[in-house]
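Listed here are the chains, written in short residue letters.
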Amino acid sequence: MFLIPALALIGQSSTIAPPLSALASQFSNPLLATLDPENAPIVLTGVLLSLVVIYLASKLGGELSKRLDFPPVLGELVAGVVVGVSALHLLMFPESGAEAADSVIMTVVNFITGLSPEAANQVFESQSEVISVLAELGVIILLFEIGLESDLRQLREVGYQAAVVACVGVVVPFIAGTVGLMTLFHVAAIPAIFAGAALTATSIGITSKVLSELGQLKSKEGQIIVGAAVLDDVLGIIVLAVVASLAKTGEIDVSNVIYLIVSATVFLIGAILLGNFFNQSFVAIVDKLQTRGNIVVPAFIFAFFMAFLGNAIHLEAILGAFAAGLVLDETDRRKELDEQVKPIADLLVPIFFVTVGARADLSVLNPAVADNRAGLLIAAFLIVVAILGKVVTGWAAFGQPGINRLAIGVGMVPRGEVGLVFAGIGSASGVLSKPLEAAIIIMVILTTFVAPPFLRLAFGEPAEPPEDAEPVINGPVLAGETQTLP
């Protein structure tokens, strides 16, 4: 999930390059900085109306999906598509080339306020940026919550399997995609490598949410998937750094790649090893605080600080938040903290899923458009590689007899917003042709939407442990089973 500065490694070879936000500024305006002060209240109007649309869409979509016996997150994604660029044009974003006049929300705001076209575009860009930031906060909180719901001891138990699954999930689709594009479609080397790199992504936010909804997050399969997806993000940052640097300069910046590998390893291992110290400090602070929020506020201070550290060293903010959740999962106050985090997650996480859907432009699936036809053929190939290249990872989980290998493989399939960032960086660099860019977007969309129902089918009936019981940490919780601590 590259919603933070990961890739901005395509700059100077002698220094670590600026964050992704700096790279993004090359193809989008510095939004809030250009806003006239008198229009600031109008931005709030647009943000509030956007939030009304997002919450209505997420709730309606989630409830409908639940009634149809699908994971609610799938309904939120579909609802985002309905209100976004593909259908109603309620929730639009300037990165896709949209302007204020294209947004129904901005049309309503402009009708009320009577803005000039230039001012309307400024307001549109600024309110879109606010929604994007809220979505990023949503995915940070989601990964913090997932960390709290995960079991650090069980993650350690499946650490080797998760590492192998992650490596296979990066290598197989990358090689198959790159070689296939060059041999079957005669795509040039650098664009083929870039498309192959896009196939390596895994959206941990979408998969982990579905696992949680299915009651499988603490199962052996769920822990392998989450661990592998986290490692996939780290490997994805490195892969994207390499191909982005190659696209711009024709050379690979070895120093930046080494820096990323070392910093990612030190950050994740260091956070886990220092867990006991953090736990003791957290409990000591919480016990001395007597005002409201005495548990949840210190927890979010820690989570946001860890996210900041991940961001600052050019990794991912979500990796820091996930590590913070894993650490605090070991505290005596974990259950109480978990209950207090859920309402906050319920407010911010839907923004993330709806905006992911809203950004997905399904018009690239229209064969009537000439530019889409070549892309559709390439997309069909990429989709096959994207699905099979991740499904085979389930059989890379060694030493786990009786494990649901299909569920592990399917859990690694969705690309989500991670894949969209690959497409965005490729488009901004000018490496990708229109058909290839459309093919990558189609692959991202379809893998994102097919994974939740397929994951449900792979696991079978949801496992719903009693509220007063937790899965044992010494063995897997299989689909349809619940276990309690003695």
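Only a predicted model underlies this, so the values are computations on that prediction, with no experimental measurement involved.

Parameters at a glance
Residues numbered from 1 in each chain as written. Predicted model: local features only at pLDDT ≥ 70, side-chain atom pairs only at ≥ 80, totals over all residues. Heavy atoms only, no water. Helix = DSSP H or I, 4+ residues; strand = E, 2+ residues; numbered from the N terminus. Buried < 20%, exposed > 50% of the residue type's maximum accessible area, 1.4 Å probe, protein only. Contact = heavy atoms within 4.5 Å. Areas by Shrake-Rupley, 256 points an atom, 1.4 Å probe, with all protein chains shown as cover. Phe/Tyr/Trp six-rings, centres within 6.5 Å; stacked < 30°, edge-to-face > 60°. Core = buried A, V, L, I, M, F, W, Y, C linked by side-chain atoms within 4.5 Å. Salt bridge = Lys/Arg side-chain N within 4 Å of Asp/Glu carboxyl O. Axes fitted to C-alpha atoms, helices over the stretch in contact; angles between N-to-C directions. Parallel < 35°, antiparallel > 145°, perpendicular 65-115°, else oblique. Left-handed = near helix turned anticlockwise from the far one by under 90°. Nonpolar A, V, L, I, M, F, W, Y, C, P; charged D, E, K, R; others polar. Patch = residues over 30% accessible without salt bridge, like charges linked within 9 Å, V, L, I, M, F, W, Y side chains within 5 Å. pLDDT = per-residue confidence, 0-100. Expected span 1.5 Å × (residues − 1).

Participant: Outline the overall build of the protein, listing residues and values.
Facilitator: When its secondary structure is counted, the protein shows 19 helices and 0 strands. When each of the 486 residues of the protein is scored for burial, the buried share is 55%. Across the protein, contacts joining residues at least 24 apart in sequence account for 77% of those joining residues at least 6 apart. On the protein, roughly 20100 Å² of surface is accessible, and the fraction owed to carbon and sulfur atoms is 66%.

Participant: An account of the environment of Gly 84 is needed here, citing residue identities and associated values.
Facilitator: Relative to the elements of secondary structure, Gly 84 occurs in the loop between helix H3 (72-83) and helix H4 (104-113). Taking the relative accessible area as the measure of exposure, Gly 84 reaches 0% and is therefore buried. Taking the C-alpha atoms as reference points, Gly 84 and Val 356, separated by 272 residues in sequence, lie 9.3 Å from one another. Leaving out residues up to four positions away in the same chain, Gly 84 has contacts with His 89, Leu 90, Leu 91, Met 92 and Ala 358.

Participant: Tell me about unusual backbone geometry, residues and numbers included.
Facilitator: One non-glycine residue with positive phi stands out, namely His 89, at about 60 degrees. Assignment of secondary structure puts His 89 in the loop between H3 and H4. Notably, His 186 is not glycine yet its phi reads approximately 55 degrees, a positive angle. Examined against the element boundaries, His 186 turns out to sit in the loop between helix H7 (159-184) and helix H8 (189-198).

Participant: I'd like to hear about the packing of aromatic side chains, residue by residue, with values.
Facilitator: What the rule picks out here adds up to 5 aromatic pairs. Measuring from ring centre to ring centre gives 5.5 Å for Phe 144 and Phe 300, while their planes differ by 55 degrees; the resulting arrangement is tilted. Within this pair, whereas Phe 144 is found in helix H5 (residues 117-149), its partner Phe 300 is found in helix H13 (residues 296-312), the two being separated by 156 residues in sequence. Side by side, Phe 144 and Phe 300 carry an identical accessibility label, which is buried. Here the aromatic rings of Phe 300 and Phe 304 are separated by 5.5 Å at their centres, their planes lie at 35 degrees, and the arrangement is tilted.

Participant: Go over the nonpolar core with me, naming the residues and quoting the values.
Facilitator: Counting 140 residues, the largest nonpolar core has Phe 144, Leu 181, Leu 382, Ile 440 and Met 443 as the members making the most contacts within it. Here the element with the most residues in this core is H5; it accounts for 15 residues.

Participant: Give a detailed account of the pattern of salt bridges, specifying residues and quantitative values.
Facilitator: Summed over the entire model, instances satisfying the criterion amount to 6 salt bridges. Its salt-bridge partner being Glu 336, residue Arg 333 comes within 3.3 Å of it at the nearest N-O pair. Residues Asp 338 and Arg 334 are paired through a salt bridge, measuring 3.9 Å at the closest nitrogen-oxygen approach. Placement of the pair is Asp 338 and Arg 334 together in helix H15 (residues 334-359), with a separation of 4 residues, close to one helical turn. Comparing Asp 338 with Arg 334 shows no difference in burial state: the two are buried.

Participant: Break down the packing of H3 against H15 for me, citing the residues and quoting the values.
Facilitator: Put simply, H3 and H15 touch, their axes get as near as 6 Å, and they point 50 degrees apart. In terms of axis orientation, H3 runs oblique to H15. Of the two elements, H3 crosses H15, and the hand of that crossing is right-handed. Of H15, the residues touching H3 (which contributes Val 73, Glu 76, Leu 77, Gly 80, Val 81 and Val 83) are Pro 350, Phe 353, Val 354, Val 356, Gly 357 and Ala 358. Tallied by class, the residues present in the contact of H3 with H15 amount to 9 nonpolar, 2 polar and 1 charged.

Participant: How would you summarise the packing of H3 against helix H9 (residues 204-213) if you had to cite specific residues and measurements?
Facilitator: Between H3 and H9, whose axes approach to 8 Å, the crossing angle comes to 135 degrees. The angle between H3 and H9 falls in the class oblique. For the pair formed by H3 and H9, the contact residues are Pro 72, Val 73 and Leu 77 on the first element and Ile 206, Lys 209, Val 210 and Glu 213 on the second. Grouping the constituent residues of the contact of H3 with H9 by class yields 5 nonpolar, no polar and 2 charged.

Participant: Any chance you could break down a nonpolar patch on the surface for me, citing the residues and the numbers?
Facilitator: Together, Val 254, Ile 258, Ile 261, Val 262 and Val 266 make up an exposed nonpolar region whose accessible area comes to about 440 Å². Residue placement: Ile 258 occurs in helix H11 (residues 254-273).

Participant: Which residues make up the confidence of the model for the protein, and what values go with them?
Facilitator: Mean pLDDT for the protein: 79, with 82% of residues reaching 70 or above. For the protein, helix H1 (residues 20-24) is the element with the lowest average pLDDT, namely 36, and helix H2 (residues 40-67) is the one with the highest, namely 92. A low-confidence stretch, residues 465-486 stays under pLDDT 50, and its non-local contacts, those more than four residues away or across chains, total 39 contacts.

Participant: If you had to explain the environment of Leu 377 to someone new, which residues and values would you point to?
Facilitator: For Leu 377, the location among the structural elements is in helix H16 (residues 370-391). When the C-alpha atoms of Leu 377 and Phe 185 are compared, they prove to be 9.3 Å apart, with 192 residues separating the residues in sequence.

Participant: So, H2: which residues are in play, and what are the values?
Facilitator: Relative to the 40 Å expected for 28 residues at 1.5 Å per residue, H2 spans 41 Å between its end C-alpha atoms, a close match to the ideal helical length. Once H2 finishes, Asp 69 follows within two positions and takes phi at roughly 70 degrees, a positive value.

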